[in-house]
Amino acid sequence: MWKYIAKRLAMISIVIAGVTLVAFSAMYLAPGDPAEVIALARYGEDLSASQVETLRVAEGFDAPVHVQYMIWLGHLLQLDLGKSLVTSEDVLTEIRQKLPATAELAIASLLISLLIALPAGILGALRKNTLLDKSCMFVSLVGVSIPNFWLGLLLIWFFALTLHMFPSYGYGSLKHIVLPALTLGTSMSAVTARLTRASLLEVLGQEYIVAARARGFDERTILFRHALKNAFLPVVTFAGMQFGYLLGGAVVVETIFSWPGIGKLLVDSIFAMDFSMVQGCVLFIAVLFSLSSLAVDILYAVLDPRIRYDRRD
Amino acid sequence: MNRNFKLILIICMLFAVIGASACIGEEKDGTAKGAGSGENSRELVVGIGTDVNNWYLDMFAAGDARFVWSQVYETLVRLDSDLNVIPGLAESWETPDDGKTWIFHLRENVTFHDGTPFDADSVVFSYSNQSYVRQAVLKPVQSVEALDTHTVKFVLKKPMPLPFYLTHVAWPVMGPGCLDAAGNFIKPVGTGSFKFETQAKDQEIVLTRNEAYWGEKPLLDEVTFKVIPEAATRVIALETGEVDMVIKVPEYDVERLEAEEGIQVHRKLTTFTDFLQFNCDKSLFNDTRVRQSVAYAVDTETLVNEVLEGIGEPAGGRPYSSVMMYSDPDLKTYTQDLDKARALLEEAGWKDSNGDGIAEKDGKPLHTSLIVSKGVWAARHNPMAQVVQGTLREVGMDVEIKVLDEGAISKLESTGDFGMILRSGYFVWGPYPKHFFVHRSGSPYSHYHNETYDQLVDTADMTVDTQKQEEIYHSLQAFVIEEVPAFYLMHEEKVVATGPSVKGYTISSEDPWLNLSGVYLERK
């Protein structure tokens, strides 16, 4: 197992090199002159042509693109992510400031989503085709169809303005996380609930369940000890993926709730063509995503003893 | 491992995660501060849209940063709430040679937030070669020199009405204490009525009262600017009482807020003007008649009523908002006349001969594009572009709307592959002549080339005599109405809303300026 984890960790560095290269090239292929766009962000619309040219040379935009990437990679190897081209703030500091908020929101959203999805999916599978099942699945259809920005505003209107239960915006206390996490969690739970239901239905139809019934186990034992663990395998994969995406930030929800996360930082930096900040964000997101998918794979082995990573070596 | 053990392990992990996130959350609970903390508190909480990206003079204060800067920093020359030029940190100024040399007499007994005295040297420091403003707008400035402790001389390459330019909130006077010994920026040091206290990135900025302020002392002890990017959330935060004041209230919320008890909506016409800029170099708009046709076709009154709920003033082609200095009150503006619009198009050779509703010339149908930026103005520019598209269709123009980011727009601008751009914002800021520079040949944003126009703009910017200035600016406004390098659509109204406890606020016309001098709180 440890060998496997070490191998996976080594592979992450390859993933990072690839992802950052793609991000760098994509930024370069986007229309517009980076020097001009960055100058616009720094100096406002009053800028002069000489300011653009000075910036181009100072930030190295006059070098060929592959050279620019290699320079960035060289700095990375010295653990230097550079400074933001727009605000000249340290990239690492900025990301470290944003990361806790993003992680907290990701964890809280995932928990809420699972708290909604798992009971709904299990109930749906056990009471297949009843009114309960149909209404659960209908609600989840609605959940997946409602855009986040609208759901977010509705929740703010109801819980913050009408009931005064939670603050409408901001970051800091446990109360602040409720509404943004509920917004993200609700829309995420929809798909997870459907997946849980389908997966459990499939497992319940398998022979070993019939065999367990024949042996006289009661339904509760069959469900919790035999069926659920196998049914959860695809759910774990999916939830792990969702968690990975969440660690990349949630721009819409972050914007609505003034949540100081990494998603808005990344999108703002992309628009401002802030290469070093984009690269830094992409790097962190790639690492976190890889780590969360590694965690999923480890969880797999825990859930299903048939999965042994070491044997493949 | 036994199965139950694994299960317990997973559950423990889950609880650890929940616990950890709860701890992180609770730790910060103490610092979370909302409005209404304490009775009779003198701490104002203001909701703004973007954080302060920069505090130093080597860069522009973008977005809503200037609302915060205007509390901390001050300019040599100031504008009152109706845009009249009044003394700021300079008590008086003069030009012995019609605008090539400017001498500013500075206010005495003013100190910076770090206790150092405000003097001529700090002005020299603020407008040194290092300041970005010297490299752009104030390029003609040759030297800035201290004549004595409280007199500063600016020498320019060409005559220029410098005091106008020095009213800009983003080009204020900063104390040399902004920098450490090595020349690195450490903290904002200004002379304003509030001092910088703390900043939590993308969350809040806290300012405290400057006890040593030279002017009318603020009645508030503390001002906290909360960064709330989404306008809808900002408004709700005002309604819940989490903030006391919000800026940039969306037009569609105004009526609802006005009806709400305790909430006051303050509105005032600003200098910001949205305009439809034509590509006069490379598209069918190089024909003046086609541009005039657009001017006759688009009804700016409908635009303001339909898109902006009647908030703002229809421009009808008028480049200067009526609050601006030298805005010509007798300027003949455009009113919608679709027949005239069609006639002008026909005169220019565009006629619908096959009856499909689109005009043709030499067998080619009239297709053109309208570029809208994805940026800060998108919320109102998108629907405005759609109204323009709809009306132009009626006179036979087929307009395609393209919503693009700044990079893509600047690329199209350099290739000239577009018809019109919907623009706003900074191009039309302040009472100084740069407003007209956007259509001057040398401007990077210009798509119009006319020698008469260039000369008028240059003369205007070199004239210091106010009466002559007024004359030239009136003729420039008439020129824009006649030649239509751009069709000006509407003048923006600034909307600020305050909660029940805020008293004594006066809104000012200058857009990125928030005047908190008479503001006090009466918490119930």
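Residues numbered from 1 in each chain as written. Chains lettered and ligands numbered in written order. Predicted model: local features only at pLDDT ≥ 70, side-chain atom pairs only at ≥ 80, totals over all residues. Heavy atoms only, no water.

## Observations concerning the interface of chain A and chain B
- On the side of chain B, 51 residues touch chain A, which itself brings 49 residues to the contact.
- Three residues, Glu45, Asp46 and Tyr169 of chain A, lead the burial of chain A against chain B; their summed loss comes to 16% of the area buried on that side.
- Inspection of the chain A/chain B interface yields two salt bridges.
- Two residues, Glu94 of chain A and Lys201 of chain B, come together in a salt bridge whose shortest N-O distance is 3.0 Å.
- Where chain A meets chain B, there are eight residue pairs in polar contact (both at pLDDT 80 or more). (Contact = heavy atoms within 4.5 Å. Buried area = accessible area lost by both parts, 1.4 Å probe. Salt bridge = Lys/Arg side-chain N within 4 Å of Asp/Glu carboxyl O. Polar contact = N/O pair within 3.5 Å; in protein donor to acceptor, adjacent residues only side chain to side chain.)

## Re the side chain of Thr75 of chain B
Residue and element names in this part refer to chain B.
- Here Thr75 shows up in the loop between helix 2 (65-72) and strand 2 (77-79).
- Within the structure, Thr75 has its side chain in polar contact with the backbone oxygen of Val77 (distance 2.7 Å).
- If near-sequence neighbours (up to four positions away) are discounted, Thr75 is found in contact with Gly88, Leu89, Leu166, Thr167, His168, Val169, Trp171 and Pro172. (Helix = DSSP H or I, 4+ residues; strand = E, 2+ residues; numbered from the N terminus.)

## Considering the nonpolar core
- In this structure, Leu76, Phe104, Tyr127, Phe154 and Leu392 of chain B are the most contacted members of the largest nonpolar core, which totals 167 residues.
- Considering each element in turn, this core owes the most residues, seven residues, to helix 13 (residues 275-303) of chain A.
- If we skip the residues at most four places from it in the chain, Phe104 of chain B touches Leu76, Val77, Ala90, Ser92, Trp93, His150, Thr151, Val152, Phe154, Leu162, Pro163 and Leu166 of chain B.
- Counting residues in each nonpolar core, the second largest holds 29 residues, with Leu105, Ile177, Val253 and Phe257 of chain A among its members. (Core = buried A, V, L, I, M, F, W, Y, C linked by side-chain atoms within 4.5 Å. Buried < 20%, exposed > 50% of the residue type's maximum accessible area, 1.4 Å probe, protein only.)

## A closer look at a negative patch on the surface
- Taken together, the side chains of Asp97, Asp98, Asp465, Glu470 and Glu471 of chain B make up a negatively charged region of the molecular surface.
- Position of Asp465 of chain B relative to the elements: it lies in the loop between helix 14 (451-462) and helix 15 (466-483). (Patch = residues over 30% accessible without salt bridge, like charges linked within 9 Å, V, L, I, M, F, W, Y side chains within 5 Å. Areas by Shrake-Rupley, 256 points an atom, 1.4 Å probe, with all protein chains shown as cover. Lys, Arg positive; Asp, Glu negative; His and termini not counted. Charge placed at Lys NZ, Arg CZ, Asp CG, Glu CD.)

## Some details on the pairing of strand 10 (residues 222-227) of chain B
Residue and element names in this part refer to chain B.
- Burial of strand 10 is extensive: six of the six residues sit out of reach of the surface.
- Residues Glu222, Thr224 and Lys226 line one face of strand 10 and the alternating positions Val223, Phe225 and Val227 line the opposite face, and both faces are buried.
- Bridging between strand 1 (residues 43-48) and strand 10 involves six bridges; their strand directions are parallel. The residue of strand 10 that forms the bridge with Val45 is Thr224.
- One ladder, built from five bridges, connects strand 9 (residues 204-209) with strand 10; its direction is antiparallel. Note on strand 10: the bridge partner recorded for Glu204 is Lys226. (Pairing = 2+ DSSP bridges.)

## What to know about the sheet that holds strand 7 (residues 151-156) of chain B
Residue and element names in this part refer to chain B.
- If you trace the four strands from one edge of the open sheet to the other, you get 4-5-7-6, paired in antiparallel fashion. Single-partner strands in this sheet number two, and they are strand 4 (90-94) and strand 6 (141-148). Taking the axes of each pair of neighbouring strands and ignoring which way they run, one obtains an average angle of 20° across the sheet.
- Taken together, the six bridges between strand 6 and strand 7 define a ladder with antiparallel strand orientation. Across the sheet, residue Ser143 finds its bridge partner in strand 7, namely Val155. (Axes fitted to C-alpha atoms, helices over the stretch in contact; angles between N-to-C directions.)

## Remarks on a nonpolar patch on the surface
Residue and element names in this part refer to chain A.
- On the surface, Phe149, Trp150, Leu154, Trp157, Phe158, Leu163, Met165 and Val252 cluster together into a nonpolar patch covering about 770 Å² of accessible area.
- If one sorts the elements of the nonpolar patch by residue count, helix 7 (residues 148-162) sits on top with five residues.
- Relative to the assigned elements, Trp157 resides in helix 7.

## A word on helix 2 of chain B
Residue and element names in this part refer to chain B.
- Helix 2 sits mainly inside the fold: eight of its eight residues count as buried.
- Turning to helix 2, its buried residues number three or more, namely Ala65, Arg66, Phe67, Val68, Trp69, Ser70, Gln71 and Val72.
- Where helix 2 is buried, its residues contact strand 1, strand 8 (194-200), strand 9 and strand 10.

## Observations concerning unusual backbone geometry
All names here are of chain A.
- Even without glycine at this site, Asn129 takes up a positive phi of about 65°.
- Along the polypeptide, Asn129 turns up in the loop between helix 5 (91-126) and helix 6 (131-145).
- Residue classification places Asn129 among the partly exposed residues on the basis of a relative accessible area of 49%.

## Points about the domain arrangement of chain B
All names here are of chain B.
- We note that the domain assignment places domain 1 (11-53 + 195-263 + 499-521), domain 2 (74-178) and domain 3 (270-493) within chain B.
- With centres defined by C-alpha atoms, the gap from domain 2 to domain 3 works out at 34 Å.
- Facing 18 residues of domain 2, the contacting portion of domain 3 comprises 16 residues.
- Between domain 2 and domain 3 the total buried area reaches about 1,400 Å² when both faces are included, carbon and sulfur atoms providing 71% of it.
- When the area that domain 2 buries against domain 3 is broken down by residue, the three leading residues are Leu83, Phe164 and Tyr165, summing to 40%.
- Counting the contacts that link domain 2 with domain 3 gives one salt bridge.
- A salt bridge links Asp461 to Lys158; its shortest N-O distance comes to 3.1 Å.
- At the junction of domain 2 with domain 3, the criterion picks out two residue pairs in polar contact (both at pLDDT 80 or more). (Domains from an automatic or database assignment.)

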